[in-house]
Amino acid sequence: MATDARTEMTAGTAPQTGPPRPSGIALMLGSGLSNQVGASVAALAFPVLGPVGVVAVRQWVAAAVLLGAGRPKLRSFTTAQWRPVLGLAAVFAAMNLTLYMAIDRIGLGLAVTLEFLGPLTVALAGSRRRTNLVCALAVAAAVVVLTRPRPSTDYLGIALALLAAVCWGCYILLNRTVGERLPGLQGSAAAAAVSGLLYLPVGVAVLWLHRPTAPALLCALAAGVLSSAVPFLADLLALRRIPAHFFGIFMSVNPVFAALVGLLVLGQHLDMTSWLAIVVIVTANAVVVGTVAQHPKEKTAP
């Protein structure tokens, strides 16, 4: 997923507290669909650029978008502010790379669903409610179904997707700290810039060794726009129209969108059992986010 622009947007934006507007729901659904279409377009460039080359281009696009929006005053950052920003940049870079490598090996739907365990785990952590415990057990069973051993099982791809999930969970927690220490989007913008710089030598080397064709380069650039710029703007507008907990609930559509887009764009088929497991994970996330929103004291401390 792309680091999801939605995670970056939640810091420094005041969401609506009333009932969600239809326009806000449409923006959230459009944001999720754009993000997954961007990932599928990125996969089309893998045969030429490889996941590393595509991620590098995407990181550069994300850095340009966030720097333009956040306009961080880098020279005024203190050491205490730079520490979480650098951690966020490292996690940001690792999350996108491991996810794209997982997509290359096990497909878009499965990779995004497993990566989704990161924010779901963060939402579950610290909760003692029986409903959330049932959700956790249901998710564990669904993951076992998704990763069940078969002759064609790609364990490295599954491990990469789970590593992306760990990175996304860390990203959320680090983003909270950055949001506390820096105003608005300055921290996220600085982290995106550092992440883009980290990919500069690697990306240049990959693009030099694997000379990009025009279609592959366009796909990589389109992936950056669809998975960074469009969700960034859509989420910014959506947060003004929907309550914060609805924002989290609508994130649940991403694994479903990923599986559908993977099928329609990349021809990646999932069996009925895998679809059922995805629905279980999506439903559990919606229940958990809704429960946590109703009982904010149970939220995990950053």
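Looking at the overall build of the protein
What the protein contains, in helices and strands, is 12 helices and 0 strands. In sequence order, the protein lays out its α and β elements as α-α-α-α-α-α-α-α-α-α-α-α. The contacts of the protein with a sequence gap of at least 6 include a subset with a gap of at least 24, amounting to 91%. When the accessible surface of the protein is totalled, it reaches about 13100 Å², and 70% of it is carbon and sulfur.

Structural notes on the pattern of salt bridges
Scanning the entire structure with this criterion turns up 1 salt bridge. A salt bridge links Arg105 to Asp154, with the shortest nitrogen-to-oxygen separation between them at 3.0 Å. In this pair, Arg105 is assigned in helix H3 (residues 79-106) and Asp154 in the loop between helix H6 (130-146) and helix H7 (155-181), connecting sequence segments 49 residues apart. The class for Arg105 is partly exposed, based on a relative accessible area of 42%.

Observations regarding the side chain of Ser274
Looking at where Ser274 falls in the secondary structure, it is placed in helix H12 (residues 272-294). Excluding anything up to four places from it in sequence, Ser274 contacts Leu146 and Arg148.

Focus: the environment of Gly24
The topology assignment puts Gly24 in helix H2 (residues 22-70). Sequence separation of Gly24 and Leu237 is 213 residues, and the distance between their C-alpha atoms is 7.3 Å. Setting aside residues no more than four positions away along its own chain, Gly24 makes contact with Ala238, Arg241 and Ile242.

Each value, and the rule that gives it
- All residue numbers refer to position in the chain's written sequence, counted from 1.
- Confidence filtering applies because this is a predicted model: local features only for residues at pLDDT of at least 70, side-chain atom pairs given and counted only at 80 or more, and all residues used for totals across whole chains, interfaces and linings.
- Remark: hydrogens and water are excluded; side-chain values derive from all non-hydrogen atoms of the structure.
- In this description a helix means any DSSP run of H or I spanning at least four residues, a strand means any run of E spanning at least two, and both kinds are numbered starting from the N terminus.
- Should any heavy atoms of two residues lie within 4.5 Å, those residues are considered in contact.
- Only the protein chains shown count as covering a residue, and every accessible area follows the Shrake-Rupley method with a 1.4 Å probe.
- Salt bridges are defined as contacts in which a side-chain nitrogen from Lys or Arg sits within 4 Å of a carboxyl oxygen from Asp or Glu.
- Each residue gets one of three labels from its accessible area relative to the maximum for its type: buried under 20%, exposed over 50%, partly exposed in between, using a 1.4 Å probe on protein chains only.

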